[in-house]
Amino acid sequence: AQKITQTQPGMFVQEKEAVTLDCTYDTSDQSYGLFWYKQPSSGEMIFLIYQGSYDEQNATEGRYSLNFQKARKSANLVISASQLGDSAMYFCAMREGINTGGFKTIFGAGTRLFVKA
Amino acid sequence: SAVISQKPSRDICQRGTSLTIQCQVDSQVTMMFWYRQQPGQSLTLIATANQGSEATYESGFVIDKFPISRPNLTFSTLTVSNMSPEDSSIYLCSVGRVMNTEAFFGQGTRLTVV
């Protein structure tokens with residue numbers, strides 16, 4: 001069965017510093033996608049970054065990068081140069097069968113990030 | 001990308017009543033999903049809304065409590081029936097297309113049952 005684990009309930013980071021949010025996953029599927037979402041206090045889910053299981057390069061989107069270690073089944077999110085507006089809940093998610101039309105996405109428990117001025 | 005409009009954005013309801021949440025997408029999408037996020041928790045998939053057929057419910061969710069409609073490829077509704085305070089949550093609509101590497105979410109409906 002697929003599973004997503006985020007072991008950090010809360011993280012603190014100083015403004016302008018980098019922070020890594022951990023995510024490990026478990027799946028028997030060879031074709032899957034990994035996602036990171038940001039959820040501010042307003043409740044909306046904001047897509048940040050995607051990594052496919054067959055992608056050889058780590059995904060990057062602006063200040064966000066995904067440290068994908070397939071053998072370890074980890075997909076950590078790295079936020080560089082943290083900003084006060086980065087304070088939010090962050091969810092790691094996985095979708096199996098992504099190349100065959102799979103859509104069901106499961107989410108980790110989330111990590112609340114606090115950026116200090 | 002897809003623009004999703006979800007209504008209402010929030011509501012306070014009396015226990016025993018029902019609330020219907022609407023999800024409108026600006027383009028045709030293959031799949032539509034409904035999630036629940038209880039206070040302080042992660043997202044849990046309620047069901048997949050299938051166009052032209054009955055929704056597919058996840059374990060722990062039943063049609064009598066969460067009836068879903070999907071009359072076309074751009075619209076779906078979720079009804080929370082016979083509400084109790086335990087139903088107080090954020091309900092989120094999500095959509096996806098084949099081979100799409102993103103899952104788009106609506107703004108969410110913050111429901112409080114008193």
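Structure's up top.
First, a word on scope: everything that follows refers to the structure included in this document. (Residues numbered from 1 in each chain as written. Chains lettered and ligands numbered in written order. Predicted model: local features only at pLDDT ≥ 70, side-chain atom pairs only at ≥ 80, totals over all residues. Heavy atoms only, no water.)

**Let's talk about the nonpolar core**
For soluble globular proteins, the rule of thumb is that nonpolar side chains tend to be buried together.
All names here are of chain B.
And then number 1: Among the nonpolar cores identified, the biggest contains 27 residues, and W34 and V95 are the most heavily contacted of them.
And then number 2: Of all the secondary-structure elements, those providing two or more residues to this core are β3 (19–25), β4 (31–37), β5 (43–49), β8 (75–80), β9 (89–96) and β11 (109–113).
And then number 3: Take this core: its biggest share by element is 4 residues, from β3. (Core = buried A, V, L, I, M, F, W, Y, C linked by side-chain atoms within 4.5 Å. Buried < 20%, exposed > 50% of the residue type's maximum accessible area, 1.4 Å probe, protein only. Helix = DSSP H or I, 4+ residues; strand = E, 2+ residues; numbered from the N terminus.)

**Brief notes about the state of the cysteines**
Residue and element names in this part refer to chain B.
And then number 1: What the rule picks out here adds up to 2 disulfides over all chains.
And then number 2: Paired by a disulfide, C23 and C93 hold their sulfur atoms 1.9 Å apart. With the S-S dihedral at roughly -65°, the linkage between C23 and C93 falls on the left-handed side. Here the residue C23 occupies a position in strand β3, and C93 occupies one in strand β9, the gap between them amounting to 70 residues. For the residue pair C23 and C93, the accessibility class agrees, reading buried in each case. (Disulfide = S-S within 2.5 Å.)

**Some remarks on the side chain of T109(B)**
Residues and elements named next belong to chain B.
And then number 1: Summarising the element assignment, T109 is placed in strand β11.
And then number 2: Taking relative accessible area as the criterion, T109 reaches 0% and is therefore assigned buried.
And then number 3: Polar contacts involving the side chain of T109 include one to the side chain of Q6, which spans 3.1 Å.
And then number 4: Within polar-contact distance, the side chain of T109 engages the backbone oxygen of P8 at 2.6 Å.
And then number 5: Those residues in contact with T109 that lie beyond four places of it in its chain are Q6, K7, P8, S9, I21, S89, I90 and Y91. (Polar contact = N/O pair within 3.5 Å; in protein donor to acceptor, adjacent residues only side chain to side chain. Contact = heavy atoms within 4.5 Å.)

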